[in-house]
Amino acid sequence: VPKRRVDESGAVGESNNIALAGLNHKMGQRGTTNCLLNFGESGETIGYLIGAPHRGLEYMFQMMNEARIGVGHAATMSALAGYRHSADYARTRTQGRRAGQKDPSAPPVPIVEHADIRRMLLAQKAAVEGAQALCLYAAQLVDRQEIATDAAEAEWLGTLLGLLTPVVKSWPSEHCLEANKWAMQILGGYGYTRDYPLERLYRDNRLNHIHEGTFGIQGIDLVGRKLGGDKGDALRRFVAQMRETAATAAQHPALANDAARLAGALDQLGVTVDALLACTDPARRLANATVFLDAFGHVVIGWLWLWQAQAASAALGNNPAADDRLFLEGKILTCRYFMAHELPLAIARLALCATLETTSLDAPAALFSL
């Protein structure tokens, strides 16, 4: 629908009767103008068909699915900026003394020395680097599908990308926003002020949870279209791929416990998928869709963390330089954090979904008018 009409020769003609109704004054992302448009109020507005008739939704999803990967990556980068800034602040801001230090004359220590600060930094690192691995894996699937010479392989890569796209969009936009929250927390009251960029990063990142399909829409897509479309075949094949990683990682003594945790989460994922597919009531299935999406995303991120830790463990055997060793050991430690602190949440949520819980359905709409 162009601003001005275009004739058959391509020449720009008269106005197409589109009017600017006003700007949206947004919470964040203020560097990108967003507006309201009125169509056809002062005369006829003409739209032109692009592509074949009756294929608009298909074309839209071709654009939308790539945009969803972009949104996930944007959320990741906002959280990465927050993580790096809060980590620098924690290393340079001095406050308090180490636990057990009673000497009032002892100098204060950088706040990174306090365990709870390191917990918040680990939470950010786990979310940011896990989400980054997810986005890069999805981008790799796009590239591999483009160059695949085997038709069956290309079809599988496209199917796997379709299965993961709701996760790529939703998991970073949910949990990297949470990472921005922890970044603000580390700065304390300063994090809430405009003297530092954390509050802006939080505001900017909040939109990623909404546009190109909200969290709830991604859940409906995953449970309604992806799981329902092939009765869970693609997900089961992907689970087998994740189990291979867990089996290989289990051979490393330092990763055996993490591999067992992932295997347990995959067991619960299988039980929950079977329960969702066995449910004949679509409303009841979809009432649990968003919770399932979030839990499934946690399992995928856990797999990616175990994969990274496995690669890091192998690289440590090559006697790396000190900085490289710290980087690699950080991957293994952050994997351990995610498996201990985050993955159990996914198991609990998957178990809840398996019951086809109905509280949201049972709550009458009139309840929210009180």
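Computed from a predicted model, the values in this text were never measured in an experiment.

What to know about the overall build of the protein chain
(1) Moving on: Of regular secondary structure, the protein chain possesses eleven helices and four strands.
(2) Moving on: Within the span of the protein chain, comprising 370 residues, buried residues form 40% of the whole.
(3) Moving on: The long-range share in the protein chain, meaning contacts at least 24 apart out of those at least 6 apart in sequence, stands at 70%.
(4) Moving on: Carbon and sulfur atoms provide 55% of the accessible area of the protein chain, an area that totals close to 19700 Å².

Here we look at the confidence of the model for the protein chain
(1) Moving on: Per-residue confidence for the protein chain averages 95 on the pLDDT scale, and 100% of its residues sit at or above 70.
(2) Moving on: Per-residue pLDDT, averaged within each element of the protein chain, yields its smallest value for strand S1 (residues 4-6) (91) and its largest for helix H7 (residues 256-278) (98).

So, the packing of aromatic side chains
Here a ring pair, both rings aromatic, is described through the centre-centre distance and the interplanar angle of the planes.
(1) Moving on: Throughout the structure, instances matching the rule amount to eight aromatic pairs.
(2) Moving on: With a centroid separation of 6.1 Å and 5° between ring planes, the pair formed by phenylalanine 292 and phenylalanine 296 is classed as stacked. One end of the pair, phenylalanine 292, and the other, phenylalanine 296, are both in helix H9 (residues 289-316), four residues apart, so they sit about a helical turn from each other.
(3) Moving on: Ring-pair connections join several aromatic residues into one group, and the members of that group are Tyr137, Phe238, Trp303 and Trp307.
(4) Moving on: Sitting over the face of the ring of tryptophan 182, arginine 119 holds its NZ or CZ atom 4.9 Å from the ring centroid.
(5) Moving on: Here lysine 181 stacks its cationic end above the ring of tryptophan 182, 4.4 Å away from the centre of that ring.

Some remarks on unusual backbone geometry
(1) Moving on: A positive phi is found at glutamine 29, a non-glycine position, where the angle reads about 50°.
(2) Moving on: For glutamine 29, the position within the fold is in the loop between strand S3 (18-23) and strand S4 (35-39).
(3) Moving on: Of note in the backbone geometry, lysine 231 takes a positive phi value of approximately 60° without being a glycine.

Points about helix H4 (residues 198-206)
(1) Moving on: Taken residue by residue, H4 has Leu198, Glu199, Leu201, Arg203, Asp204 and Asn205 as its buried positions.
(2) Moving on: Looking at the buried side of H4, the elements it contacts are helix H1 (56-92) and helix H3 (151-186).

Some remarks on the pairing of strand S2 (residues 12-15)
(1) Moving on: Bridge count for S1 against S2 is two bridges, and the pairing is antiparallel. Across the sheet, the residue bridging to arginine 4 is serine 15, located in S2.
(2) Moving on: Linking S1 to S2, which pair antiparallel, is a turn of five residues; within it glycine 10 sits at a positive phi near 95°.

Focus: helix H6 (residues 233-249)
(1) Moving on: Its 17 residues place the ends of H6 25 Å apart at the C-alpha level, agreeing with the 24 Å of an ideal helix rising 1.5 Å per residue.
(2) Moving on: Buried residues in H6 make contact with H3, helix H5 (215-230), H7 and H9.

Digging into the nonpolar core
(1) Moving on: Phe238, Leu269, Phe292, Phe296 and Val299 are the most contacted members of the largest nonpolar core, which has 86 residues in total.
(2) Moving on: For phenylalanine 296, the residues in contact, after removing those within four places along its chain, are Leu163, Leu164, Val167, Leu222, Leu235, Phe238 and Leu269.

What to know about the side chain of glutamine 218
(1) Moving on: Following the sequence through the fold, glutamine 218 ends up in helix H5.
(2) Moving on: Taking the relative accessible area as the measure of exposure, glutamine 218 reaches 0% and is therefore buried.

Focus on the layout of surface pockets
Gaps between atoms show up when a probe of the same size as a water molecule is rolled over them.
(1) Moving on: Here the largest pocket is characterised by a volume of approximately 680 Å³.
(2) Moving on: When contributions to the lining of the largest pocket are tallied by element, the ones reaching two or more residues are H1, helix H2 (115-147) and helix H10 (322-354).
(3) Moving on: Roughly 380 Å³ of internal volume is contained in the second largest pocket.
(4) Moving on: Looking at the second largest pocket, it is lined by 14 residues, and the ones nearest its centre are Gln62, Asn65, Gln145, Gly158 and Leu161.
(5) Moving on: Sorting the residues of the lining of the second largest pocket by element identifies H1, H2, H3 and H5 as the ones contributing at least two each.
(6) Moving on: Here the element with the most residues in the lining of the second largest pocket is H1; it accounts for five residues.
(7) Moving on: Taken together, the residues that form the lining of the second largest pocket break down as four nonpolar, six polar and four charged.

As for the environment of methionine 64
(1) Moving on: With respect to the helices and strands, the residue methionine 64 is situated in helix H1.
(2) Moving on: The class for methionine 64 is buried, based on a relative accessible area of 14%.
(3) Moving on: As for methionine 64 and leucine 352, which are separated by 288 residues in sequence, their C-alpha atoms are 30 Å apart.

Thoughts on a nonpolar patch on the surface
(1) Moving on: The grouping of Val1, Leu20, Leu23, Leu37 and Phe39 at the surface amounts to a nonpolar patch, some 510 Å² of accessible area in total.
(2) Moving on: For the nonpolar patch, the secondary structure elements donating two or more residues are S3 and S4.
(3) Moving on: Looking at where leucine 23 falls in the secondary structure, it is placed in strand S3.
(4) Moving on: The exposure class assigned to leucine 23 is partly exposed, which follows from its relative accessible area of 49%.

Here's the deal with the packing of H6 against H7
(1) Moving on: Their axes nearest at 8 Å, the elements H6 and H7 cross at an angle of 165°. As judged from the angle between their axes, H6 and H7 are roughly antiparallel. Once H6 is placed against H7, the crossing between them reads as left-handed. Two secondary-structure elements touch here, H6 through Leu235, Arg236, Val239, Met242, Arg243, Ala246 and Ala249 and H7 through Ala256, Ala259, Leu262, Ala263, Leu266, Asp267, Leu269, Val273, Asp274 and Leu277.

Each value, and the rule that gives it
Residues numbered from 1 in each chain as written. Predicted model: local features only at pLDDT ≥ 70, side-chain atom pairs only at ≥ 80, totals over all residues. Heavy atoms only, no water. Helix = DSSP H or I, 4+ residues; strand = E, 2+ residues; numbered from the N terminus. Buried < 20%, exposed > 50% of the residue type's maximum accessible area, 1.4 Å probe, protein only. Contact = heavy atoms within 4.5 Å. Areas by Shrake-Rupley, 256 points an atom, 1.4 Å probe, with all protein chains shown as cover. pLDDT = per-residue confidence, 0-100. Phe/Tyr/Trp six-rings, centres within 6.5 Å; stacked < 30°, edge-to-face > 60°. Lys NZ or Arg CZ within 6 Å of the ring centre and 35° of its normal. Pairing = 2+ DSSP bridges. Expected span 1.5 Å × (residues − 1). Core = buried A, V, L, I, M, F, W, Y, C linked by side-chain atoms within 4.5 Å. 1 Å grid on protein atoms, 1.4 Å probe; cavity = no way out; pocket = protein on both sides within 12 Å on 5 of 7 lines; lining within 4 Å. Points joined across faces, edges and corners; volume = space filled by probe spheres on them. Nonpolar A, V, L, I, M, F, W, Y, C, P; charged D, E, K, R; others polar. Patch = residues over 30% accessible without salt bridge, like charges linked within 9 Å, V, L, I, M, F, W, Y side chains within 5 Å. Salt bridge = Lys/Arg side-chain N within 4 Å of Asp/Glu carboxyl O. Axes fitted to C-alpha atoms, helices over the stretch in contact; angles between N-to-C directions. Parallel < 35°, antiparallel > 145°, perpendicular 65-115°, else oblique. Left-handed = near helix turned anticlockwise from the far one by under 90°.

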